Amino acid sequence: MLEMSGWTMKVNSKSYTIGSGIISPGEYLLLTSENLDCSFDGISRSKVFSSSTSLSNSGAELKLFDQYHRLIHSAAYREMSFYSQMKGDGGWSLERIDPDRSCGGPGNWSVSLDDSGGTPGIKNSVYFTSKDLTIPELKYVGIADTNTIVIHFSESIFLAEETDSHFSTINLGNAIPIFHTSPLVSDRIELHLQEVMNDETNYLINIGEVSDCEGNIMQESIVKFALPDFPKPNAILINELMYDAFVGQQEYLELYNHSDRFMDLKDLKYGVRSVGNSMGSFSWISEDSHLLPPWDYVVLTKNDLALREDWGLDYSVDVVELSSWKTMPNGAGSIILLNRADIA
């Protein structure tokens, strides 16, 4: 039996304290809003959230901490249309498919198949156990500052503090992981560099045999990176667009780095306009640093996993998922790409 008094559920940046709650082995505890009137007979629950909208419909990151502020588990979800277009109007819960897969990522979640819309306090309707044999892959590199880089992976990586470093660089010394929790379980690993990076210098980082939570080991690899240049006109080109996709498939927009310098996607925004209409608002391509190497491509879309399934893409293809995706008109229209100085 587990007493959860004093534990904390963090939703993005806001924390909610679990005042009371007990979970017996193999049982469930529902966290609900304080003003919820309906009852869940026979189901343990704790009124935690301040309102029924504490869990955003557009997606959020959830982190569960014990009374000693240790991270116990984390999960992230996206808007419902990411998982099911047919159930995107609401009224359906997301369920973990295999509870024994502690990491799993978005592929371990599915919309409830129960006719009532969810399965509170009982076994999930989509319950299915399967062995995870998927090897984690490198997605992209970001720059936090002149001596901190961020490596993004296709799934959560498991790192223990007592293990030898899996990361080293040429000319910058060891790259030391920053442990926000111990062990570190995340799909993004921040690395502190012993030396400061210089402009107009390319660096190499060696990524050792890191593994996911299930022990699937990624082969050793070497990745090039550098401090990014500010995108000037025609440095980044709109190279391909799928604006009239088949029903059920994803639209996409491909960009090409037409230069010999690294660029950062967080310095770019785009807008879409149909003929006869004024230009609407622009959307930033990335909130965080996302390097685009010289002479390389990146694909923008609304649903990363769905696009990869549509076209059989592995993670050697860089795909950016945009929650604020702007649908492109099937007729004539315009797409404008701007840097932070609002220069095309």
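Shown above is the structure to which this text applies.
Residues numbered from 1 in each chain as written. Predicted model: local features only at pLDDT ≥ 70, side-chain atom pairs only at ≥ 80, totals over all residues. Heavy atoms only, no water.

Colleague: What is the right way to look at the environment of Glu209 in this model?
Modeller: Following the sequence through the fold, Glu209 ends up in the loop between strand E16 (203–207) and strand E17 (221–225). A residue is classified by how much of its surface remains accessible, and Glu209, at 52% relative accessible area, is exposed. For the pair formed by Glu209 and Ser221, sequence separation is 12 residues and the distance between their alpha carbons is 8.3 Å. Excluding residues that lie within four positions of it along the chain, Glu209 makes contacts with His166, Ile217, Met218 and Glu220. (Helix = DSSP H or I, 4+ residues; strand = E, 2+ residues; numbered from the N terminus. Buried < 20%, exposed > 50% of the residue type's maximum accessible area, 1.4 Å probe, protein only. Contact = heavy atoms within 4.5 Å.)

Colleague: Whenever I open this one, the packing of aromatic side chains confuses me. Can you help?
Modeller: Two aromatic rings are characterised by how far apart their centres lie and by the angle between their planes. In total, this model carries 5 aromatic pairs according to the counting rule given. Positioned above the aromatic ring of Tyr127 is the side chain of Lys123, whose terminal nitrogen or guanidinium carbon lies 4.2 Å from the ring centre. The lysine or arginine in question, Arg340, covers the ring of Trp284, its NZ or CZ lying 4.3 Å from the ring centre. (Phe/Tyr/Trp six-rings, centres within 6.5 Å; stacked < 30°, edge-to-face > 60°. Lys NZ or Arg CZ within 6 Å of the ring centre and 35° of its normal.)

Colleague: What is the right way to read the pattern of salt bridges from this model?
Modeller: Oppositely charged side chains can form a pair if their charged atoms are brought close together. Scanning the model with the defined rule gives 9 salt bridges in all. Between Glu79 and Lys302 there is a salt bridge, with its nearest N and O atoms 3.5 Å apart. You can see Glu79 sitting in the loop between strand E8 (71–78) and strand E9 (94–96) and its partner Lys302 sitting in the loop between strand E24 (297–301) and helix H1 (304–311), a full 223 residues away along the chain. A relative accessible area of 25% means that Glu79 is categorised as partly exposed. A salt bridge links Lys232 to Asp229; its shortest N-O distance comes to 3.3 Å. (Salt bridge = Lys/Arg side-chain N within 4 Å of Asp/Glu carboxyl O.)

Colleague: Is there a simple way to think about the side chain of Glu95 in this case?
Modeller: As for its placement among the helices and strands, Glu95 is situated in strand E9. Comment: no salt bridge for buried Glu95; closest opposite-charge side chain is Lys87, at 9.0 Å. Here the side chain of Glu95 touches Thr119 through a polar contact of 2.7 Å, side chain to side chain. Within polar-contact distance, the side chain of Glu95 engages the backbone nitrogen of Val126 at 3.2 Å. Other than its neighbours up to four places away in sequence, Glu95 contacts Asn108, Trp109, Ser110, Ser112, Gly118, Thr119, Asn124, Ser125 and Val126. (Lys, Arg positive; Asp, Glu negative; His and termini not counted. Polar contact = N/O pair within 3.5 Å; in protein donor to acceptor, adjacent residues only side chain to side chain.)

Colleague: Sorry, what's going on with the sheet that holds E16 here?
Modeller: Neighbouring strands of a sheet are bound in pairs by backbone hydrogen bonds; such pairs are parallel or else antiparallel. Within the open sheet, the 3 strands sit side by side as E13-E16-E17. Their pairing is antiparallel. Where the open sheet ends on each side, the last strands, each with one partner, are strand E13 (167–169) and E17. Put simply, the sheet's adjacent strands are angled 25 degrees from each other on average, direction ignored. Two elements, E16 and E17, share 5 bridges in a ladder whose sense is antiparallel. Counterpart to Ile207 in the pairing with E17 is Ser221. (Pairing = 2+ DSSP bridges. Axes fitted to C-alpha atoms, helices over the stretch in contact; angles between N-to-C directions.)

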